[in-house]
Each structure stands twice: as structure tokens, then as C-alpha cells.
Amino acid sequence: MNTVTGSAPGRVNLIGEHTDYNGGVALPLALPHRTRARVQPRADGVVTASSSAPGSSTVTFDRATQPGDVDGWAAYVAGVFWSLRESGHEVPGADVVVDSDVPRGAGLSSSAALECAVLVALDRVAGLGLDRTGMALIAQRAENDYVGAPTGAMDQMAAMHGGDGQVVLFDARAVSAQPIPCDLDAAGLALLIIDTRAAHSHADGEYGARRASCEEAAAQLGVSTLRALQEQQVDAVVDRLGDDVLRRRVRHILTENARVLRTVDLLRAGKVPDIAPLLTESHASMRDDYEISAPEVDVAVEAAMQAGALGARMTGGGFGGSVIALVDRERSDAVAEGARTAFERNGFTEPHTFVVVPAVGAGVQEDQ
Ligand code: ADP
Ligand code: MG
């Protein structure tokens with residue numbers, strides 16, 4: 001068996017937040033930033049995992065590892081070995097060496113990039129021939145049931161299905177991914193990422209609370225997921241709920257799904273600049289109805305808009321993380337500078353800013 005290097009991208013979500021666990025739609029794109037995993041098979045069934053990321057110790061475990069054996073960063077690697085076996089796929093032990101330029105913990109999904117890089121390499125090493133959606137679900141199971149993070153499949157679907165100049169229409173109900181053209185360059189546009197470097201300490205609990213509210217609302221409305229109500233008038237649906245908080249949570253989910261579908265229509269029609277107001281509306285909905293924003297995030301969105309961004313929104317689960325701004329290409333430096341100045345004025349840690357284009361999804365390279 002040959003040594004194989006798998007590589008997989010981070011992702012950013014263009015629009016469609018907290019829709020996945022409601023059977024809804026989202027529109028992520030794969031980033032140029034990638035994680036590489038060099039996988040050298042071993043005959044003795046042992047796995048070693050090491051990473052160039054600071055603070056990642058080298059870990060050794062058996063290829064038949066079980067949840068609880070490995071924690072910390074290497075749980076994402078061990079989880080992939082476990083999840084493959086659970087799905088009935090035999091893989092050998094291996095020396096796994098990881099290197100990455102995906103920012104970690106910035107809401108850009110370094111975790112899915114790591115899982116998918118290891119997974120595509122193991123798929124090739126063991127000659128499994130798995131399809132991309134199948135691999136995304138195996139990686140998601142690793143994260144849910146081995147690492148213990150209850151996330152949807154959007155991150156892994158974006159890492160597996162991303163393409164140059166394309167965003168990925170992820171439909172959580174159908175568990176499908178469809179490429180949608182998004183040629184920012186041709187439109188003279190750029191997507192600026194502002195990593196606010198703010199992370200809310202209660203993010204996990206708040207995530208669980210939002211999920212629970214959606215389940216409660218779906219039960220009261222007599223449907224299995226809120227997606228089932230997508231064809232109905234939003235006002236008519238929310239009027240059937242007695243609780244104001246539930247009303248606002250449901251309004252975010254239904255209007256957000258509608259914004260995703262509208263964005264897809266505009267992108268398919270080549271009207272890229274016209275998606276900008278939908279991004280800004282999405283932010284207002286997350287801030288006011290879903291209440292998942294943070295002061296740093298709101299300052300970044302406002303500063304970006306004041307500095308000439310066409311549209312801006314928080315991306316990711318919320319309470320911090322990154323903001324995306326759609327900008328005319330020649331304005332990207334000015335918008336980044338606007339965010340930095342506003343952060344300084346507010347006494348916040350300086351944000352990281354960088355421009356991205358939609359990039360290609362996970363792939364492998366066989367060593368000679
Ligand atoms: P995000 O996916 O948004 O970056 P997560 O908390 O889901 O944030 O995942 C980040 C975690 O994934 C890190 O704390 C680390 O444990 C692991 N990880 C991701 N990339 C690497 C890497 N290249 N090397 C070691 N660990 C990594
Ligand atoms: Mg993650």
C-alpha cells in the first residue's frame with residue numbers, strides 16, 4: 001500500500017445559519033486554506049498521529065479504537081478510523097502526519113478539514129472507493145459520536161463537495177450537495193473575512209438551547225422539522241405560536257431558508273452583486289430574532305458597511321467567530337481597515353482579515 005496525502009479545505013458559510021438541524025438549506029464554500037494529512041500505512045494495526053499545530057502532542061492508538069480512547073486534537077483522527085470501521089470499512093494502521101493553514105477555532109471549520117483530509121487519504125490507501133457524500137457523513141459521525149460535538153453535516157459536505165468558483169447548496173433534508181456558480185472575480189468582487197477573534201464562553205449551551213427551541217416549536221406546530229413549513233407564509237406560521245421567543249426563533253429559520261434559496265436564484269442568474277442585501281438581512285435576523293450575535297461581530301458588520309461593503313454578516317454558529325463582507329475588489333483593503341479602526345476604538349483585540357475565493361474540495365495525491 002502506498003503512502004497517500006489527503007487534503008481538505010476549511011469552509012465559510014455564505015448564508016444559511018442554524019438551518020441545517022431544521023432540515024433546511026445552507027450555502028457554504030470551500031476555502032483556499034487547507035489541511036493536509038500524510039498517511040503512511042503500517043502492517044501492525046497501530047496508528048500514530050502528529051500535527052504541526054502548536055500544542056498538538058503525538059498520539060498512538062489502535063486502528064480498532066473506541067470512543068473515549070483518545071481525546072484532544074487526535075480524537076478527530078481516531079474518530080475517522082472508528083467511524084470507518086462502524087460503517088463496515090476495513091482500514092490499516094498508519095502513521096498520520098498533519099499540516100494545515102486553516103485557522104483553528106475561527107469558525108472556518110478546521111475540524112472538518114482535518115477529518116476529511118484523513119478520510120480521503122484512508123479511502124485511497126484502503127481502496128474503498130467511497131463517494132463524497134458518504135465520506136462527509138462518515139466524517140460527521142466521527143465528530144458527533146467520537147469527538148462528541150453535536151454538529152450538522154454542512155462543514156463536511158462543504159469540504160467534500162466544494163469547487164473552484166462554486167458555492168455548495170447543502171440541503172439537510174435531502175442530505176445532498178449541489179454546485180452553484182459564484183464567480184466573484186468575474187463580477188469584480190471579493191469576499192473579505194474578518195475573524196473577530198471573539199469566542200463566547202457559553203456558545204455550546206446556547207447552541208443546544210436554540211436547537212431545543214426549534215424542536216419545541218416544530219412539535220407545537222405539528223411537524224417533524226421546521227422545513228416542512230417553508231411553503232407557508234412566515235407571519236401565518238409564527239402567529240400560531242404563543243411564545244414570543246419561539247416566534248422569533250422560527251421567523252429566523254424560515255426567512256433564512258428563503259434567503260438561501262433567493263441567493264441561489266441570483267447566483268444562477270449571474271447576478272452576484274445582488275446577493276449583498278440578503279447577507280445584511282441575514283445578519284439582522286441572527287442578531288434580533290435568533291439572538292446569536294456578539295458585540296465584536298456587530299461592530300465588524302457595521303464598520304464593514306460604513307467602509308463601503310455591499311453586504312456583511314456573521315458566519316458560523318454565533319457568539320463570535322468570523323464576519324464575511326462582500327466588497328468591490330478594490331475596496332477590500334479599505335473595508336478591512338475600517339474594521340480594524342472600529343475594533344481599536346472599541347478596545348477589542350485586533351481582528352484578522354483576509355480575502356478568499358471559493359476553492360476546490362478534498363482530494364488526494366499519491367507519493368511516488
Ligand atoms: P473549527 O472547526 O471552527 O476550527 P472546532 O472547535 O470545531 O473549530 O475544531 C478545532 C479543533 O480541531 C482544534 O481545537 C483541534 O483540536 C482540532 N484541529 C483542527 N485542525 C487541526 C490541526 N491542523 N492540527 C491539530 N488539531 C487540529
Ligand atoms: Mg469545527
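Above this text is the structure in question.
The residue numbers shown here count from 1 along each chain, following its written sequence. The lettering of chains begins at A and the numbering of ligands begins at 1, in the order of writing. Local features are withheld for residues below a pLDDT of 70 in this predicted model, meaning they are given only at 70 or higher, and side-chain atom pairs are given and counted only at 80 or more; totals for whole chains, interfaces and linings count all residues. Computation of side-chain values: all heavy atoms of the structure, hydrogens and water removed.

Caption draft 1: Representation of the pattern of salt bridges within the structure. One side-chain nitrogen of Lys or Arg within 4 Å of one carboxyl oxygen of Asp or Glu is enough to make a salt bridge. Applying the stated criterion across every chain, the model contains 20 salt bridges. Arg-42 is the salt-bridge partner of Asp-44, the closest N and O atoms lying 2.7 Å from each other. Measuring nitrogen to oxygen at the nearest pair gives 3.6 Å for the salt bridge that ties Arg-141 to Asp-145. Of the two residues, Arg-141 and Asp-145 both sit in helix α3 (residues 132-147), four residues apart, roughly one turn of that helix. The cut-offs for exposure are 20% and 50% of the maximum accessible area for each residue type, with area from a 1.4 Å probe on protein chains only; residues under the lower value are buried, those over the upper are exposed, and the others partly exposed. Judged by its relative accessible area of 30%, Arg-141 is partly exposed. Counted as one network, the salt bridges with shared partners bring together Glu-17, Glu-256, Arg-259 and Arg-313. Labels follow the DSSP assignment, with helices taken as runs of H or I lasting at least four residues and strands as runs of E lasting at least two, numbered in each case from the N terminus.

Caption draft 2: View of the side chain of Gln-230. Along the chain, the position of Gln-230 falls in the loop between α5 (203-221) and α6 (234-238). Exposure remark for Gln-230: the relative accessible area of 16% places this residue in the buried category. Contacts of Gln-230, omitting those with residues within four sequence positions, involve Leu-254, Asn-257 and Ala-258. In what follows, residue pairs with any heavy atoms lying within 4.5 Å of each other are defined as contacts.

Caption draft 3: Broad picture of the packing of helix α8 (residues 276-289) against helix α9 (residues 295-306). All axes are obtained by fitting lines to C-alpha atoms, using only the stretch in contact for helices, and the reported angles, taken between N-to-C directions, cover 0 to 180 degrees. α9 packs onto α8 with a crossing angle of 155° between their chain directions and a minimal axis gap of 12 Å. When the axes of α8 and α9 are compared, the pair comes out roughly antiparallel. Here α8 and α9 pass one another in a crossing that is left-handed. Between α8 and α9, the contacting residues are Thr-280, His-283 and Arg-287 on the first element and Val-297, Asp-298, Val-301 and Met-305 on the second. For the contact of α8 with α9, the residue count by class is three nonpolar, two polar and two charged. Working rule for angles: under 35 degrees goes down as roughly parallel, over 145 as roughly antiparallel, 65 to 115 as roughly perpendicular, anything else as oblique. Note on convention: the crossing is left-handed when the near helix lies turned anticlockwise from the far helix by less than a right angle, right-handed when the turn is clockwise. Amino acids outside the nonpolar list (Ala, Val, Leu, Ile, Met, Phe, Trp, Tyr, Cys, Pro) and the charged list (Asp, Glu, Lys, Arg) are all regarded as polar, and Gly is one of them.

Caption draft 4: Local environment of the site of ligand 1. Residues are labelled near a given molecule or strand when at least one of their non-hydrogen atoms is within 4 Å of it. Neighbouring ligand 1 are 15 residues, the closest being Ser-51, Gly-105, Ser-109, Ser-110 and Ser-111. Within 3.5 Å is the distance limit for a polar contact, defined as a pair of N or O atoms, with the added protein rule that one can donate a hydrogen and the other accept it, and that residues adjacent in sequence qualify only through two side-chain atoms. In the environment of ligand 1, an oxygen atom lies 3.4 Å from a nitrogen or oxygen atom belonging to the backbone of Gly-107. Within the side chain of Ser-110, an N or O atom sits 2.6 Å from an oxygen atom of ligand 1. Out of a free accessible area of 560 Å², ligand 1 has 77% covered by protein chains. Residue assignment for the shell around ligand 1 shows that the elements contributing at least two residues are β6 (93-100) and α2 (110-125). Per-residue and other accessible areas were derived by the Shrake-Rupley procedure at a 1.4 Å probe size, with only the shown protein chains allowed to occlude residues.

Caption draft 5: A look at the nonpolar core. The biggest cluster of nonpolar side chains holds 47 residues, and the ones touching the most others in it are Phe-61, Val-77, Phe-81, Val-96 and Val-118. The greatest single-element share of this core, amounting to nine residues, is contributed by α2. Here, nonpolar core means buried Ala, Val, Leu, Ile, Met, Phe, Trp, Tyr and Cys residues that are tied together by side-chain atoms lying within 4.5 Å of each other. Judged by nonpolar contacts, the second largest core, of 41 residues, contains Leu-246, Ala-294, Val-299 and Ala-309.

Caption draft 6: Structural view of the sheet that holds strand β5 (residues 59-62). Note on pairing: DSSP must find at least two bridges between two strands before they are called paired. Across the sheet, which stays open at both edges, the six strands sit in the order β5-β4-β6-β3-β1-β13 with mixed pairing between neighbours. This sheet does not close on itself; its edge strands, each paired only once, are β5 and β13 (363-366). On average, adjacent strands in this sheet sit at an angle of 25° to one another, irrespective of strand direction. Across five bridges, the pairing between strand β4 (residues 46-51) and β6 is parallel. Opposite Ser-50, over in β6, you have Val-97 as the bridge partner. Lying over the sheet, helix α4 (residues 154-161) contacts β1 (4-13) and β3 (28-42), oriented at roughly 120° with respect to β1.

Caption draft 7: Molecular detail of the layout of surface pockets. Its boundaries defined by the atoms lining it, the second largest pocket holds a volume of some 160 Å³. Every residue lining the second largest pocket is listed: Asp-20, Tyr-21, Leu-137, Gln-140, Asn-144, Thr-151, Gly-152, Ala-153, Phe-170, Ala-172, Val-175 and Arg-211. In terms of residues, the lining of the second largest pocket owes the most to one element, α3, which gives three residues. Cavities and pockets are found on a 1 Å grid laid over the protein atoms alone: a cavity is a set of points where a 1.4 Å probe fits but cannot escape, a pocket is an open set with protein on both sides within 12 Å along at least five of seven lines, and a lining residue has an atom within 4 Å of such a point. Grid points are joined across faces, edges and corners, and a volume is the space filled by probe spheres set on the points.

Caption draft 8: Examining the environment of Val-47 more closely. Tracing the backbone shows Val-47 in strand β4. C-alpha separation for the pair Val-47 and Asp-95, spaced 48 residues apart in sequence, amounts to 5.7 Å. In this view, Val-47 contacts Val-59, Thr-60, Phe-61, Asp-62, Arg-63, Phe-81, Gly-93, Ala-94 and Val-96; residues no more than four positions away in its chain are not counted.

Caption draft 9: Highlighting α8. A rise of 1.5 Å per residue sets the reference length of α8, with its 14 residues, at 20 Å; its end C-alpha atoms lie 20 Å apart and thus fit the reference within 8%. Three or more residues of α8 are buried, namely Ala-276, Leu-278, Leu-279, Ser-282, His-283, Ser-285, Met-286 and Asp-289. Buried positions along α8 lie against α7 (244-268), α9, β10 (311-315) and β11 (320-328). Glu-291 occupies a position one or two residues after α8 and carries a positive phi of about 50°. What a helix should span is 1.5 Å times the count of its residues minus one.

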